[in-house]
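# A look at the structure
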Amino acid sequence: MGKERSKSKFVGLRVSEEQSQVLSRLQQNSNLSKSGILLRGLELLSEYYSLGLDQPPLNLELRNLEAEAMRHAQALRQIRKRGEAIGQMVQELSNVDKIIDKHQANKSTLIQILLDIQAQNHWLPKPALTWVSERLGVSWSEIYHIATFYKAFSLTPRGRHTVQACLGTACQVRGAPRLLEKVMDVLKIKPGETDHDQRFTLTTVNCLGCCALGPVIVVDGEYYSKSTVKELERIAAACE
Amino acid sequence: MKSIRLEIEGDIVKAEEGMTILQAARMAGIDIPTLCYDERLAPYGACRLCTVEITKDSRTRLVASCVYPVEEGLVVSTNSERVRKIRKMVLELLLPLAPTGPLESLARKYGLEKSRFTAERTDCVLCGLCVRYCAEIKKANAIGFVGRGIDRDVACLPEVAPKVCNSCRECFALCPGGKVVLESEILLLPSVWQK
Amino acid sequence: MRRLKSATDLERVRQEILAKRDPNKPCVTICSGTGCHAYGSEKVYAAFVKEIQGNGLQEKVDIRRTGCHGFCERGTLVVIFPEETCYLNVRPEDILEIVSTTLIQKKVVDRLLYVDGNGKKVVHEGEIPFYKHQSRIVFGNNRLIDPKRIEDYIAVGGYTALAKALLEMTPEQVLNEVIRANLRGRGGGGFPTGIKWETTRNAPGEIKYVIVNADEGDPGAYMDRSLLEGNPHSVLEGLIIGAYAIGSHEGFVYVRQEYPLAVENLNIALEQARERGLLGTDILSSGFSFDVEVHRGAGAFVSGESSALMAAIEGRVGEPRPKYIRTAVSGIWERPSNLNNVETWATVPLIINRGSEWFTGIGTERSKGTKIFSLVGKVKNTGLVEVPMGMTLREVIYDIGSGIPNGKRFKAVQTGGPSGGCIPESFLDLPVDFDKLTKAGSMMGSGGMIVMDEDTCMVDVARYFIDFLSQESCGKCVPCREGLRQMLKILNNICTGKGKEGDIELLEELSEVMRDASLCALGTTAPNPVLSTIKYFRDEYEAHIKERRCPAKLCRELITYYILPDKCQGCTVCVRNCPTGAISGGKSLIHVIDQEKCSKCGACFEVCPPIFNAVVKLSGEPVPASVPSGIKVTHKR
């Protein structure tokens, strides 16, 4: 790959001009779609480096494929050189190692360890979970049950900005569902989802304890009360 | 082992300390229906079909007999009005989730011809037999629970299942709902990464 | 930091701290709980620091960021000592005036004062009706201390109860005092605390645990959060005293991870207590050792159930187990474990210091002491209130809460969270205590008190709670999981106009089985919101089912929006705000809503100027025939 001069977009992913041409040629010569090419490439890389990506489920729609390709690519921060990918993986795993050591590699602190990994990475990457499973001696079923049981954890990368809408009873009674609708309209995602550009993750939460401001939303730790659609658009636009 | 005397459906039963009411009843030949119970596995207490009414010191309660330990002087009713109501409703709630199979005949036994409820999925009652068997007997943990509440589900773990399930398949026989049945479908069971 | 080695040591340090504090020196206290933080209390603090330094007053005026004061509707709260002048709704822009008027000129800033029902302004915090009717024996210290400084807690007498218990009393004496005080658990169960301690103490086994349940999950309740954020030492002191009485040397605090400030302040408090020898080995040279580990929750309401919480501490999934064997006998790792709520632990030092006789003098016959409630929803003064057991709901909602805002009518008050129920107007004179509220079909619960008015649909309230529980249930047992699934379907149908005859009876039938056969208290109490709303508001259910009408005009599928032709002034505000372009009509022409395009979002209802009030909600009645387009408005104002 030569020096990148200009940036291009391939299925929403930023790649150099040369890379984009190579990918387009690969796509023309196969019968995979653009996003299918990306996914296949990531699979090959992952098998090579045991990064642990799954076999794609057989019944995904194209949109899901694109989203999945974006997510994996963003999480691996746009693989350009093989060495960089390994270096990054080693760094991430050693971070996880430090977290496990901080809790004395004690099985009973599994949830605390996962909370720290989630806080550091904004999600639970598979390599991190593999490492936890090996070091603590806990089964995958235990880890998956915990990771899917608790709302704090995400098995897919979360957006750079978190938007939480309070649905506690007091906010509910003051019109929280209507506010949530407005937020969904502005961000174009549903609660629990992250948008395609990975800017926002929208979640609902039960009672932030500032019921006097209800209905409340929190964006990156900043509280907003009774926001109008215009205010929401302004807040969203200010988030890169 | 200390001997414990209790009364089940009018019969005096001599059980051993550490037994559950269900074990004592089965030992005495008294029938209590179950769904999520398997002798080889630790009792789970999830289906509540084995609910019985117990009276002790003039206090009456409803408990799951598969997990409640026997106590001296306990009086157990396995077929009271309240118990039958519970069993019938549990079956009525589960029937749409597993319309053919062992639940069908059990439902008829309790006078339930069809259910007033509908369900979106028709293959899993979340009894956990597959999960527990794989964890406790095979020690493989290839299949596990995911999620909670009404979104609770059972999923094959992509890290483990492809390596072990095809050559094992022992949990198939346990499944009352029919989910863990078709071998070609093992790899298509919801992967947690899809969510 | 010198370790305290005896009661005299503690007292000497306390005197030293007090000696350095001049009670007449002005002190600006700024409420810094999460609620006021949301209002910008950090910016208020920064503004004060800047102004005070700018005026060269830093030696003459102290500034203290305190725990939550409780009057959350009017944050940011600023109280200036020694006069205890209370300013409400303070914003950074007000600081200039406060510093020059109050700190320098010693005069009061009128516009920031509380105004009572008669228009009279109230200067002193204690005289504001919101506070006057309360009895803040547990919560009151929040306003005096900076939670990040143990010196503040010691200055108000903190840890004297611990010294008394460890150095002057035997564990049995401490236990008996708590039993005599008749303290009942404040987390919702209301179980006699002393009895639980006794069971744990007498259970076989050397190793025993004590646990603080700070998983506060009831939506709308945040008392524990404010107590843990604002006065973590009070909880810690109670915990150590309890551990001493029970014979435990290891404790856990299980805090929701949604409470980052509480986790932070708690960790700071633990460190400071350890440094002073008030926690850890050989506390106050008494020979008693005890330490605490903090566990964060990870976002699950059900993990606040005691057996689920203990499973989570063990590192397993936080699912409840059947409690045929009490957790006090077999809890964490099958060892005797005593779990109590935050507020329960915080009450213990008071009982030790002032005696069980004093404590039993407050409250009702079977519910002693005070309770902190979160009074929220459709009420003027929302916030955290602490009242003696036995005060009536009416007194709390009207005397302290100042009643319903916007001239609306009271409809119900919801207590006990998802395990509780709704209490209608006819029961407003019920005294608040454990047993009376249960008899009325609700329960006191952890203290959430959500006021509802005429615009609240009670069927929607039931649906909201069942929706909440269906996601928060662990999903293990059939009656709860499948019962909630079907209840939710039925309630969704009723709220969208698809209810059928027999739905109410089916809900009741499901409720009975869920109550009788669920594995844990989440399932057995899940039907309460449904049953209590059916009991007191059956007419609303029937209106939804039989007439497709929502009496509160809330349920979207059952309402239509209509612009009254003789009130519309043709201002076009609604036309411009309609997201689907359903309203036709230009300036000075009567606006008409095209019902086919209307998405029932309510935007027109929200934006129509109040002096016109032209948009109305109709439910259960046919929409009047549309006025033809292009008609001019009449009665132009």
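From a predicted model like this one, the values you see are computed outputs, not experimental measurements.

## Some words on the pairing of strand E7 (residues 153–156) of chain B
All names here are of chain B. Both faces of E7 are covered, namely the face carrying Asp153 and Ala155 and the face carrying Val154 and Cys156. Both strand E6 (residues 143–146) and E7 contribute to a ladder of four bridges, which runs antiparallel. If you follow valine 146 over to E7, its bridge partner there is aspartate 153. Where E6 folds back onto E7 in an antiparallel hairpin, the turn is made up of six residues, including glycine 147, whose phi is positive at roughly 75°.

## Thoughts on the packing of aromatic side chains
The relation between two aromatic rings is expressed through the spacing of the ring centres and the mutual angle of the planes. In the structure shown here, the tally under the stated rule is 20 aromatic pairs over all chains. Centre to centre, the rings of phenylalanine 71 of chain C and tyrosine 114 of chain C are 6.2 Å apart; their planes meet at 50°, and the pair counts as tilted. Of the two residues, phenylalanine 71 of chain C sits in the loop between strand E2 (62–66) and strand E3 (78–81) while tyrosine 114 of chain C sits in strand E5 (residues 114–115), which places them 43 residues apart along the sequence. Judged by its relative accessible area of 0%, phenylalanine 71 of chain C falls in the buried class. Under the relative-accessibility criterion, tyrosine 114 of chain C is labelled buried at 5%. By the ring-pair criterion, three or more aromatic residues cluster together here, those being Phe71, Tyr114, Phe130 and Tyr131 of chain C. In this structure, arginine 152 of chain B packs its charged tip against the face of phenylalanine 145 of chain B, placed 4.1 Å from the ring centre. Seen from the ring of phenylalanine 373 of chain C, lysine 371 of chain C lies directly overhead, with NZ or CZ sitting 5.7 Å from the centre.

## Regarding helix H11 (residues 232–246) of chain C
All names here are of chain C. Between its terminal C-alpha atoms H11 stretches 21 Å, which fits the 21 Å expected from 15 residues at 1.5 Å a residue. Across the 15 residues that make up H11, a large majority, 15, are buried. Among the residues trailing H11, glycine 247 stands out with phi positive, at a value near 95°.

## As for the sheet that holds strand E4 (residues 85–87) of chain C
All names here are of chain C. Taken in spatial order, the four strands make up an open sheet running E2-E1-E3-E4, and their pairing is mixed. The open sheet is flanked by E2 and E4, the only strands paired with a single partner. On average, each strand axis in the sheet is inclined to that of its neighbour by 20°, with strand direction left out of account. In the sheet, E3 pairs with E4 via three bridges, with the strands oriented antiparallel. Looking at the pairing, valine 79 lines up with cysteine 86 of E4. Of the strands in this sheet, strand E1 (27–31), E3 and E4 touch helix H4 (residues 95–104), which is tilted by about 25° from E3.

## Considering the interface of chain A and chain C
The partner chain C presents 54 residues to the 36 residues of chain A that form the contact. Of the roughly 3400 Å² buried where chain A meets chain C, counting both sides, 55% is carbon and sulfur surface. Contact with chain C buries surface across chain A, with Phe149, Thr169 and Val173 of chain A losing the most and accounting together for 17% of the total. Counting across the chain A and chain C interface gives five salt bridges. Put simply, chain A and chain C have 15 residue pairs in polar contact (both at pLDDT 80 or more) between them. At the level of secondary structure, the elements contributing two or more residues to the side of chain A that touches chain C comprise helix H5 (110–121), helix H7 (140–149), helix H8 (169–173) and helix H9 (176–187) of chain A.

## Observations concerning the confidence of the model for chain C
The predicted model of chain C has a mean per-residue pLDDT of 94, with 99% of residues at 70 or higher. Across the whole predicted complex the pTM is 0.88, and at the interface the ipTM reaches 0.93.

## Regarding the nonpolar core
Ranked by size, the top nonpolar core spans 124 residues in total, and within it Val132, Tyr150 and Phe153 of chain A together with Leu507, Val530 and Tyr541 of chain C carry the most contacts. Sort the elements by how many residues they give to this core and helix H19 (residues 478–495) of chain C lands first, with nine residues. For phenylalanine 153 of chain A, the contacting residues outside a window of four places in its chain are Ile111, Leu114, Leu115, Gln118, Leu124, Ile146, Ala147 and Arg158 of chain A together with Ala298 of chain C.

The rules behind these values
- Residues numbered from 1 in each chain as written.
- Chains lettered and ligands numbered in written order.
- Predicted model: local features only at pLDDT ≥ 70, side-chain atom pairs only at ≥ 80, totals over all residues.
- Heavy atoms only, no water.
- Buried < 20%, exposed > 50% of the residue type's maximum accessible area, 1.4 Å probe, protein only.
- Helix = DSSP H or I, 4+ residues; strand = E, 2+ residues; numbered from the N terminus.
- Pairing = 2+ DSSP bridges.
- Phe/Tyr/Trp six-rings, centres within 6.5 Å; stacked < 30°, edge-to-face > 60°.
- Lys NZ or Arg CZ within 6 Å of the ring centre and 35° of its normal.
- Expected span 1.5 Å × (residues − 1).
- Axes fitted to C-alpha atoms, helices over the stretch in contact; angles between N-to-C directions.
- Contact = heavy atoms within 4.5 Å.
- Buried area = accessible area lost by both parts, 1.4 Å probe.
- Salt bridge = Lys/Arg side-chain N within 4 Å of Asp/Glu carboxyl O.
- Polar contact = N/O pair within 3.5 Å; in protein donor to acceptor, adjacent residues only side chain to side chain.
- pLDDT = per-residue confidence, 0-100.
- Core = buried A, V, L, I, M, F, W, Y, C linked by side-chain atoms within 4.5 Å.

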